[in-house]
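Given next are the chains, with one letter for each unit.
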Amino acid sequence: MKILLVDGTMFGRKTGAILEQVEQYIKELDASFDLEMMHFSEYKHQIVDGSPLNEDMKKMIQQFEEADAYIIATPIFQASIPGVLKNAFDFLHPKTMRYKPVSIVANGGTYQHHLVVENQLKPILDYFRALVTPNYVYTHTSHFDADNHIVDEDVHSRLRELARVFVQYCEMSKNLPKETIDQH
């Protein structure tokens, strides 16, 4: 299975650090997965406005389409997901993520921002009919050291559990047909 780990921000290192840790835990559980990291900071993004797609956006869309499952990492800015992440979702066909497993990790500056995952990100993924795992992990700035290493053992435990559940969702989805009966 091809797993796309999406670092949904243009700057900062914490979401990337979380993804790297999740990647390690997934490899420990199932070394057969093909894990691919996507850092939005490495792409020339454009706004969804109907103009022709640049090569980076074509590549990004193709990577989403070719993936069998996703780990989405997002910072929380101004009590919301970054615009670049929402914009990326807007480029995708509604069936791109259909019936594919997705786990979510997020980082924010206050503990209350964890609700952004529930109120904004999960509804978007539900629209895509993705198989969203029930256990997302929200981290806070205090969970990292100065070099952006996760220093909180509880966060490590929750990331291990997220990886375990994600791998099980991937296994369950292998035989699930991705073709749809409906036309929506």
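Residues numbered from 1 in each chain as written. Predicted model: local features only at pLDDT ≥ 70, side-chain atom pairs only at ≥ 80, totals over all residues. Heavy atoms only, no water.

- The name that an unreviewed UniProt entry assigns to the protein is FMN reductase, with the source organism given as Lysinibacillus fusiformis.

1. Quick word on the overall build of the protein
Then, number 1: Looking only at helices and strands, the protein features five helices and six strands.
Then, number 2: Taken over the C-alpha trace, the protein has a radius of gyration of 16 Å; the compact-globule value for 184 residues is 16 Å, and the two agree within 12%.
Then, number 3: Counting only residues that meet the buried cut, the protein has 50% of its 184 residues in that class.
Then, number 4: For the protein, the exposed surface amounts to about 9,000 Å²; the carbon and sulfur share of it is 52%.
Then, number 5: Side-chain charges of the protein comprise 18 positive and 26 negative groups, with the mean position of each set lying 4 Å from the other. (Helix = DSSP H or I, 4+ residues; strand = E, 2+ residues; numbered from the N terminus. Rg over C-alpha atoms; globule rule 2.2 N^0.38 Å. Buried < 20%, exposed > 50% of the residue type's maximum accessible area, 1.4 Å probe, protein only. Areas by Shrake-Rupley, 256 points an atom, 1.4 Å probe, with all protein chains shown as cover. Lys, Arg positive; Asp, Glu negative; His and termini not counted. Charge placed at Lys NZ, Arg CZ, Asp CG, Glu CD.)

2. Here we look at a nonpolar patch on the surface
Then, number 1: Together, Met10, Phe11 and Phe77 line one region of the surface with nonpolar side chains, adding up to about 300 Å² of accessible area.
Then, number 2: Here Phe11 shows up in the loop between strand S1 (2-7) and helix H1 (14-29).
Then, number 3: Classification of Phe11 by relative accessible area gives exposed; the value is 58%. (Patch = residues over 30% accessible without salt bridge, like charges linked within 9 Å, V, L, I, M, F, W, Y side chains within 5 Å. Salt bridge = Lys/Arg side-chain N within 4 Å of Asp/Glu carboxyl O.)

3. Brief notes about the nonpolar core
Then, number 1: By size, the foremost hydrophobic cluster in this structure holds 34 residues, and its most contacted members are Met60, Phe64, Ile72, Phe89, Met97 and Leu125.
Then, number 2: Broken down by secondary-structure element, the contributors of at least two residues to this core are S1, helix H2 (55-66), strand S3 (69-75), helix H3 (83-91), strand S4 (101-108) and helix H4 (115-127).
Then, number 3: Ile26, Ala69, Ile71 and Leu162 belong to the second largest nonpolar core, which has 24 residues in total. (Core = buried A, V, L, I, M, F, W, Y, C linked by side-chain atoms within 4.5 Å.)

4. What about the packing of aromatic side chains?
Then, number 1: In the structure shown here, the tally under the stated rule is four aromatic pairs.
Then, number 2: Between Phe11 and Phe77, the aromatic rings sit 5.4 Å apart at their centres with planes inclined by 15°, giving stacked as the arrangement. Taken together, the residues Phe11 in the loop between S1 and H1 and Phe77 in the loop between S3 and H3 connect sequence positions 66 residues apart.
Then, number 3: Above the face of the Phe144 ring, Lys14 is positioned so that its terminal group lies 5.6 Å from the ring centre. (Phe/Tyr/Trp six-rings, centres within 6.5 Å; stacked < 30°, edge-to-face > 60°. Lys NZ or Arg CZ within 6 Å of the ring centre and 35° of its normal.)

5. A look at the pattern of salt bridges
Then, number 1: Within the structure shown, the criterion is met by ten salt bridges.
Then, number 2: Between Glu20 and Arg13 there is a salt bridge, with its nearest N and O atoms 3.1 Å apart.
Then, number 3: The class for Arg13 is partly exposed, based on a relative accessible area of 37%.
Then, number 4: Between Glu118 and Lys122 there is a salt bridge, with the nearest N and O atoms lying 3.2 Å from each other. One end of the pair, Glu118, and the other, Lys122, are both in helix H4, four residues apart, so they sit about a helical turn from each other.
Then, number 5: The class for Lys122 is buried, based on a relative accessible area of 16%.

6. What about the UniProt feature "domain: NADPH-dependent FMN reductase-like" (unreviewed entry) in the protein?
Then, number 1: What UniProt calls "domain: NADPH-dependent FMN reductase-like" (unreviewed entry) maps, in this numbering, to residues 1-141.
Then, number 2: Helix makes up 35% of residues 1-141 and strand 23%, and the two end C-alpha atoms of the span are 32 Å apart. (UniProt positions renumbered as here; feature names shortened; annotations may be inferred.)

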